[in-house]
Amino acid sequence: MRAGIFGAFALSLVVGAAAPAVAQTIGTPGVSGDQLLFIYDAREDRVSFLNVANPSSETIFVDVALYSQDLTEELAGQTISLGPASNTVIDPTSFGGGGANGAAGLATVTPVLGAENLTPVVPPQPIVGGFTLANLDLMSGFGQNPFARFAVDGSGDPVSAGTEVDGASVAYQRFDPGILMIPVYFNPADLAPPENDGNRVLLVAFGDDYDGAYGLSPVSTSAAGSFFNASGLLIAENTVPLTGVLLSDLQSMAGESSLDGSSGKAFFEIDANGGNVFGLFSQSIGTFAAGQRMPAVAIVPEGTEPPVEMSIAFEARVDGEPFSCDRTYTDVGTTNATVEPTDARLYIENVRLVNSDGGEVALQLDQDGTWQVQDVALLDFENATGLCGQRGTPEMNSTVRGMIPEGTYDRIRFEMGVTESLNHGDSATAPAPLNKTALFWSWNSGYKFIRYDNIAESNGNEFRVHIGSTACEGDGRGNASCGNSNRAAVDLPFDPATNKIVVQLGAFLENVNVEQNTPETAPGCMSSPGDPECVPVFAAAGIPYDANAGGSQQIFTVE
């Protein structure tokens, strides 16, 4: 059957008496079989080459037909003799008189009885091949195996070589995946533009026509697309019509929802309507391109829940009183001293909430350019008034903000500290809030995870609480390792809807004498090993210190 338009009658042969049983359907085409199909594209600035090989020791005849994109017309055709172990290369621009030049569509390669008898037949060995799709503007292309299938009987069992394929007792397997998947796609904004084949979605829907010779007929259906980002979040849903060969791209398939800035995967739910469906996806960056057939999958997953905004409030207190720079606090420490604060700032990192199933879910911090960067946030309770004006800043922050999947959460976990990968950079060039030089020791030692300083009113003694990593060695360029991490781990019951976290600053000083310092040690506790003032300070934070194992932290509580 050479040229012509195949109507509903031709398709009814497939869905009626000649329709394959359920066992005869397959989801994803094979790479070798009793019949091969190819997508070709010989439009302007594009080129395709199809390769067909006979792996048997006998001469076979194959009928090659190139169909229009809507599958209503056979544009070029020819019967080719393939000797033992031979192959042929088909150039759609010149094949069969060049009728497919400038077109794109579907090509079939069907073994037949002879040059004059186009009755389909099972070859001595499954035939194989390959094809390329290239873009001459990009100077990039990719290759793929053909889309292949076998001839089977009504029970779905393979038939022997030489058996005629009549569409009734013997028919080709039907491609009916139900759901096709693009396993991964890259951010379209980083690819070549769609009009230049930077990303290509190619879907095919066709019917089988067995009327002496084999032919194709168009099938009309639709592809319901679901697009998920790399984190599993559903970001786009759209349905597009599908008849014959659909040449499209990611963004067009996604509809109005922008995919720029996202990488992920896509699912297309397609009813084959008694015919056949398969798909191909490719993407190109510059002169490099890669393509793959779409595998069939069982379901379209639900994915993760869309994230919701979450704000976690913190409040600093000293012995039950709200922290403020412009006041004094009495009955502090073992001598019931009166102190005036000079600083109160701390970093926290790696904030996670625990859901009702016991799983940890990271809070994706807003990258606000001021208080939060990557997974680190700065809490700043001083406002540069009073003695805090020595080193502080007027700006304050008592909230951690981010996005998290909607759900039920009953605990919160985080560390008082700075992520190891960020802890040993240069504060002079670091992004906010890691650019606070008052919270930085050195490249090797890293940041002061907390700075809580006071002056004793009785004698002017300065008592500092500076906790950070110690015993650090590095190259002064951000590469360091520390013997003592000194990060305080926090794990609290927490209801995001009703709770806030209280930073009990007074707990650092409860068991120390803030009116004196051990001779030849740093003022207060600055994390150096062997400093007696650090023993109760570290114990309050639950951090091991020298021979003390640490324990439960007393600094962070929930209300």
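None of the values given here were measured: they were computed from a predicted structure.

A. Geometry of the overall build of the chain. The secondary structure content of the chain amounts to four helices and 41 strands. Whereas a compact globule of 559 residues would reach a radius of gyration of roughly 24 Å, the chain reaches 35 Å, over 25% beyond that. Across the chain, the fraction of contacts at a sequence separation of at least 24, relative to all contacts at a separation of at least 6, is 72%. Taken as a whole, the chain presents about 22200 Å² of accessible surface, with 49% of it coming from carbon and sulfur. The positive charge centre, built from 23 side chains, and the negative charge centre, built from 67, are 7 Å apart in the chain.

B. Local environment of the pairing of strand E4 (residues 60-67). In terms of burial, E4 is a largely internal element, seven of the eight residues being buried. Taking the residues that link successive antiparallel strands as the turn, the E4-strand E5 (residues 74-82) hairpin has six residues, and the phi of Leu 71 there is positive, at about 65 degrees. Looking at chain direction, E4 and strand E7 (residues 104-112) are connected through six bridges and run antiparallel. From the neighbouring strand, Phe 61 faces E7, where its bridge partner is Val 112.

C. Fine view of the sheet that holds strand E2 (residues 35-41). Read across the open sheet, the five strands follow the order E5-E4-E7-E2-E10; overall the sheet is antiparallel. Either end of the sheet is taken by a strand with one partner, and the two such strands are E5 and strand E10 (147-149). Neighbour-to-neighbour, the strand axes of the sheet open up by a mean angle of 20 degrees, direction not taken into account. Across three bridges, E2 lies against E10 in antiparallel orientation. Pairing of Leu 36 across the sheet is with Ala 148, part of E10.

D. Quick look at unusual backbone geometry. Pro 433 follows Ala 432 through a cis peptide bond whose omega is 5 degrees. If you trace the backbone, Pro 433 turns up in the loop between strand E31 (409-416) and strand E32 (440-442). Phi at Ser 527 takes a positive value of approximately 75 degrees, unusual for a residue other than glycine. Mapped onto the fold, Ser 527 is located in the loop between strand E40 (524-525) and helix H4 (534-541). Judged by its relative accessible area of 1%, Ser 527 falls in the buried class.

E. Layout of the pattern of salt bridges. Scanning the entire structure with this criterion turns up 25 salt bridges. Residue Arg 317 is joined to Glu 559 by a salt bridge in which the shortest nitrogen-to-oxygen separation is 2.6 Å. Of this pair, Arg 317 sits in strand E22 (residues 307-318) while Glu 559 is found in the segment after strand E41 (556-558), placing the two residues 242 residues apart along the sequence. Among the salt bridges present, the one from Arg 345 reaches Asp 343, with a minimum N-O distance of 2.8 Å.

F. Summary view of the sheet that holds strand E6 (residues 87-90). One open sheet accounts for four strands, arranged E6-E3-E8-E9; its pairing is antiparallel. Among the strands making up the open sheet, the edge pair consists of E6 and strand E9 (140-144). The mean angle between the axes of side-by-side strands here comes to 15 degrees, regardless of whether they run parallel or antiparallel. The pairing of strand E3 (residues 46-53) with E6 spans four bridges and is antiparallel. Within E6, the residue paired with Leu 50 across the bridge is Ile 90.

G. Highlighting a nonpolar patch on the surface. Together, Val 184, Phe 186 and Ile 285 make up an exposed nonpolar region whose accessible area comes to about 260 Å². With respect to the secondary-structure elements, Val 184 resides in strand E14 (residues 179-185). When its relative accessible area of 39% is taken as the criterion, Val 184 is described as partly exposed.

About the cut-offs
Residues numbered from 1 in each chain as written. Predicted model: local features only at pLDDT ≥ 70, side-chain atom pairs only at ≥ 80, totals over all residues. Heavy atoms only, no water. Helix = DSSP H or I, 4+ residues; strand = E, 2+ residues; numbered from the N terminus. Rg over C-alpha atoms; globule rule 2.2 N^0.38 Å. Contact = heavy atoms within 4.5 Å. Areas by Shrake-Rupley, 256 points an atom, 1.4 Å probe, with all protein chains shown as cover. Lys, Arg positive; Asp, Glu negative; His and termini not counted. Charge placed at Lys NZ, Arg CZ, Asp CG, Glu CD. Buried < 20%, exposed > 50% of the residue type's maximum accessible area, 1.4 Å probe, protein only. Pairing = 2+ DSSP bridges. Axes fitted to C-alpha atoms, helices over the stretch in contact; angles between N-to-C directions. Salt bridge = Lys/Arg side-chain N within 4 Å of Asp/Glu carboxyl O. Patch = residues over 30% accessible without salt bridge, like charges linked within 9 Å, V, L, I, M, F, W, Y side chains within 5 Å.

Such coordinate-based values are descriptive only and should not be taken to indicate function.
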